[in-house]
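Close look at the chain arrangement
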Amino acid sequence: MRVAALLVNYRDAAGTAAAAASVRADDPATEIVVVDNSDDDAHWQALRAALPEGARAVRAEGNLGFGRGCNLAMRHTDAPLRMLVNPDASLRPGCAHALRQALLADARLAAVAPRQFLDAAGAWQLPPAWLPTALRAWVADRVARGPALRPRWSSAARAENLRCWSAREPLRQRALSGAVMMVRRAALDASRALPGELFDPRYFMNFEDADLCLRLRREGWHLALAPAARAVHRWRNAPHKAALMQQSMQAYFATHFGPGDAWQARRE
């Protein structure tokens, strides 16, 4: 089953080209579609020159944001499996194959993600993604205000991390990180909320992957971590994006946990 890797570039031609090169090195048969949000002629030319041969470059009309950029990339491939790859991520050998095999083995899986590491040596493994919910936010608020609760919170988080880090077979998850994620196109086409779309265009950046995971789960699909698949995510703290994070978080909770939600009401 064919796979297309979708990447969105914003003024980081070298980083995006390196991510695309890791896709090509991992599996030469994987299609590569790169959307350029940079809105800069010189950068557009630099990106096209740096991408691996055969990669398809698509120029956006301005900075669409990450979610809408991915949606645009989606429209330039008919591959039944779509793999999101952040420009600051790179695939380790066998990643795409392991993700594809996990999806093919379970028809109810809508999306799978690899183990993620901060370093190429694999010494620093990232914790699994968590699904933002009104209940979890309420508990986090309680923990922040009550130091006595912090050991229990820390112990629960550690147990979940170890469960995922020690898994040898695909493991069901509540949410997946969009840094590297393979999605079944049929699940998107069957969506009642946003048929055929990957991300809700209201999210410029951040929380679009949480929104996708929650929508898929509410429509009966499953998500999983594929332990045999590995990727490096060179995560960087970006304080200048805090306002975008706050806007996306507010949109996410307003959409899925509005005033009628009991746990959201308790937080307020």
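Residues numbered from 1 in each chain as written. Predicted model: local features only at pLDDT ≥ 70, side-chain atom pairs only at ≥ 80, totals over all residues. Heavy atoms only, no water.

1. Here's the deal with the packing of aromatic side chains
This is how the line gets drawn: Aromatic rings from Phe, Tyr and Trp, with only the six-membered ring used for Trp, were paired whenever their centres fell within 6.5 Å, and each pair was classed as stacked if the ring planes differed by under 30 degrees, edge-to-face if by over 60, and tilted otherwise. Accessible area is worked out with a 1.4 Å probe on protein chains only. A residue is then buried under 20% of its type maximum, exposed over 50%, and partly exposed in between. Charge-over-ring contacts are defined here by two conditions on Lys NZ or Arg CZ: a distance within 6 Å of the ring centre and an angle within 35 degrees of the ring normal.
Inspection of every chain in the model, using the stated rule, returns 5 aromatic pairs. Where Tyr252 meets Phe253, the ring centres are 5.4 Å apart and the plane angle is 85°; that geometry is what we call edge-to-face. Ring geometry for Tyr252 against Phe257: centres 6.2 Å apart, planes inclined by 55°, an arrangement best described as tilted. The burial state of Tyr252 is the same as that of Phe257; both residues are buried. Members of the aromatic cluster, joined through ring pairs, are Phe207, Tyr252, Phe253 and Phe257. Lying across the ring of Trp221, Arg108 places its NZ or CZ 4.4 Å from the centre. The residue whose ring lies beneath Arg218 is Phe257, and the NZ or CZ to ring-centre distance is 5.6 Å.

2. A look at the pattern of salt bridges
Opposite charge on two side chains allows them to pair when their charged atoms are near. What counts is decided by this rule: Definition used for salt bridges: Asp or Glu carboxyl oxygen within 4 Å of a side-chain nitrogen of Lys or Arg. Counting from the N terminus, the helices are the DSSP runs of H or I reaching at least four residues and the strands are the DSSP runs of E reaching at least two.
One pass over the structure, following the stated rule, counts 8 salt bridges. For the salt bridge of Arg2 with Glu31, the shortest nitrogen-to-oxygen distance reads 2.3 Å. Here the residue Arg2 occupies a position in the segment before strand E1 (3-9), and Glu31 occupies one in strand E2 (residues 31-36), the gap between them amounting to 29 residues. In this structure, Arg185 and Asp189 form a salt bridge, with 3.4 Å as the shortest nitrogen-oxygen distance. Remark: Asp189 and Arg185 occur in helix H7 (residues 185-189); sequence separation between them is 4 residues, near one turn of the helix. Given the relative accessible area of 30%, Arg185 is considered partly exposed. Taken together, the salt bridges that share partners define one network made up of Arg2, Glu31 and Asp78.

3. Quick notes on the nonpolar core
When a protein is soluble and globular, its nonpolar side chains tend to lie buried together. Our working definition: Here, the term nonpolar core denotes a set of buried Ala, Val, Leu, Ile, Met, Phe, Trp, Tyr and Cys residues that are joined through side-chain atoms within 4.5 Å. Throughout, a residue-residue contact means that at least one pair of heavy atoms, one from each residue, lies within 4.5 Å.
In this structure, Met181, Leu198 and Tyr252 are the most contacted members of the largest nonpolar core, which totals 39 residues. If we ignore the near neighbours within four places in the chain, the residues touching Tyr252 are Leu131, Pro132, Tyr203, Phe207, Ala210, Asp211, Leu214 and Phe257.

4. Let's talk about helix H1 (residues 13-26)
Operational definition: Expected helix span is taken as 1.5 Å per residue step, with the number of steps being one fewer than the number of residues.
A rise of 1.5 Å per residue sets the reference length of H1, with its 14 residues, at 20 Å; its end C-alpha atoms lie 20 Å apart and thus fit the reference within 8%. Turning to H1, its buried residues are Ala13, Gly15, Thr16, Ala17, Ala19, Ala20, Ser22, Val23 and Asp26. Buried-residue contacts for H1 involve E1, E2, helix H2 (41-50), strand E4 (81-85), strand E5 (89-91) and helix H4 (95-105).

5. Regarding the environment of Ala29
Looking at the secondary structure, you find Ala29 in the loop between H1 and E2. You can call Ala29 exposed: its relative accessible area is 64%. Each C-alpha atom, one on Ala29 and one on Gly146, is 53 Å from the other, the two residues being 117 residues apart in sequence.

6. Examining the state of the cysteines
Put simply, the test is: For this text, the term disulfide refers to a pair of cysteine sulfurs within 2.5 Å.
The final tally for this structure, using the stated rule, is 0 disulfides. Cys213 carries a free sulfur, and the closest cysteine sulfur to it, the one in Cys70, is 13 Å from it.

7. Remarks on the pairing of strand E9 (residues 222-233)
Quick reminder of the rule: DSSP calls a pair of strands paired once it identifies at least 2 bridges connecting them.
In terms of burial, E9 is a largely internal element, 9 of the 12 residues being buried. By the bridge criterion, 3 bridges tie E5 to E9 in an arrangement that is antiparallel. Within E9, the residue paired with Ser90 across the bridge is Val232. Summarising the sheet, strand E7 (residues 171-172) and E9 pair through 2 bridges and their orientation is antiparallel.

8. With respect to the environment of Leu109
Residue position: Leu109 is located in strand E6 (residues 109-117). Judged by its relative accessible area of 3%, Leu109 falls in the buried class. The spatial distance from the C-alpha of Leu109 to the C-alpha of Arg82 is 13 Å, given a sequence separation of 27 residues. Aside from chain neighbours lying at most four places away, what touches Leu109 is Ala102, Leu103, Arg184, Trp221, His222, Leu223 and Ala224.

9. What about the side chain of Thr77?
Formally: A 3.5 Å cut-off defines polar contacts: any pair of N or O atoms within that distance qualifies, except that in protein one atom must be a possible hydrogen donor and the other a possible acceptor, and neighbouring residues in sequence count only when both atoms are side-chain atoms.
With respect to the helices and strands, the residue Thr77 is situated in the loop between helix H3 (66-74) and E4. Owing to a relative accessible area of 11%, Thr77 belongs among the buried residues under this scheme. A distance of 2.9 Å separates the side chain of Thr77 from the side chain of Glu31, its partner in a polar contact. Among the polar contacts listed, one links the side chain of Thr77 to the backbone nitrogen of Ala79, at a separation of 3.1 Å. Dropping the residues within four chain positions of it, Thr77 is found in contact with Ala4, Leu6, Glu31, Val33 and Arg82.

That's the geometry; what it means functionally is another story.
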